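# Breakdown of the fold
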Amino acid sequence: MRAGDHLLAATLLVTAGVASAAGDAARGALLYEARCGACHSIDAHRVGPLHRGVVGRRAGSAPGYDYSPALAAAGFVWDASRLAAWLRDPEALVPGQRMAYSVPEAADRNDLVAYLKSVSSP
Ligand code: HEC
């Protein structure tokens, strides 16, 4: 092995570690398509609101989508931990909301949140 190979191997290991701690956005994209795509898309309102820019946006505030009064009045800004809590149990986070879906597995939530982040940075 040349020195450069060692460096590459070390870099790959570090990158893999970061990906698992912060969630894997590529896997999240696949999960999104399979589990959220029936109701959501990134750039258009469907049954649920569009998701581009959701991280950093006030909950219930994407223009042109008709939110439940509960989510429209929730008053917080979406960040990673709020999104994970929402996906675990939307009704526990915002009683009276209208999303009848949840994601029981923590690893899946983590990857979905990483994906939502990746479509939210400018
Ligand atoms: C059965 C349809 C349905 C599915 C499946 C679904 N959602 Fe939703 N989602 C909704 C609806 C409806 C709302 C609006 C809720 C309200 O107004 O109270 C919503 C709202 C949201 C919001 C709040 C957005 C905002 O602008 O405040 C997020 C985030 C979200 N969904 C993420 C997801 C993710 C991620 C998935 C896949 C794991 C998913 N949803 C699956 C219907 C769905």
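Everything below is about the structure printed above this text.
Everything quoted here is computed from the prediction, not taken from an experiment.

### Overview of the packing of helix α4 (residues 80-88) against helix α6 (residues 106-118)
α6 packs onto α4 with a crossing angle of 130° between their chain directions and a minimal axis gap of 10 Å. Between α4 and α6, the angle is such that the two are oblique. Helix-helix and strand crossings are classified by hand; for α4 and α6 the assignment is right-handed. Residues A80, L83, A84, L87 and R88 of α4 lie in contact with α6, whose contacting residues are R109, L112, V113, L116 and K117. The residue makeup of the contact of α4 with α6, split by class, is seven nonpolar, no polar and three charged.

### Details of the pattern of salt bridges
Across all of its chains, the model carries five salt bridges by this definition. When the shortest N-O distance is used, the salt bridge between R27 and D111 registers 2.6 Å. In this pair, R27 sits in helix α2 (residues 25-36) while D111 sits in helix α6, placing the two residues 84 residues apart along the sequence. One salt bridge in this structure joins D43 and R52, with 2.7 Å as the shortest N-O distance. Judged by its relative accessible area of 42%, R52 falls in the partly exposed class. Each of R27, R35, E105, D108 and D111 takes part in salt bridges that share partners, so that together they form one network.

Rules used in this analysis
Residues numbered from 1 in each chain as written. Predicted model: local features only at pLDDT ≥ 70, side-chain atom pairs only at ≥ 80, totals over all residues. Heavy atoms only, no water. Axes fitted to C-alpha atoms, helices over the stretch in contact; angles between N-to-C directions. Helix = DSSP H or I, 4+ residues; strand = E, 2+ residues; numbered from the N terminus. Parallel < 35°, antiparallel > 145°, perpendicular 65-115°, else oblique. Left-handed = near helix turned anticlockwise from the far one by under 90°. Contact = heavy atoms within 4.5 Å. Nonpolar A, V, L, I, M, F, W, Y, C, P; charged D, E, K, R; others polar. Salt bridge = Lys/Arg side-chain N within 4 Å of Asp/Glu carboxyl O. Buried < 20%, exposed > 50% of the residue type's maximum accessible area, 1.4 Å probe, protein only.

So yeah, pure geometry; function would need other evidence.
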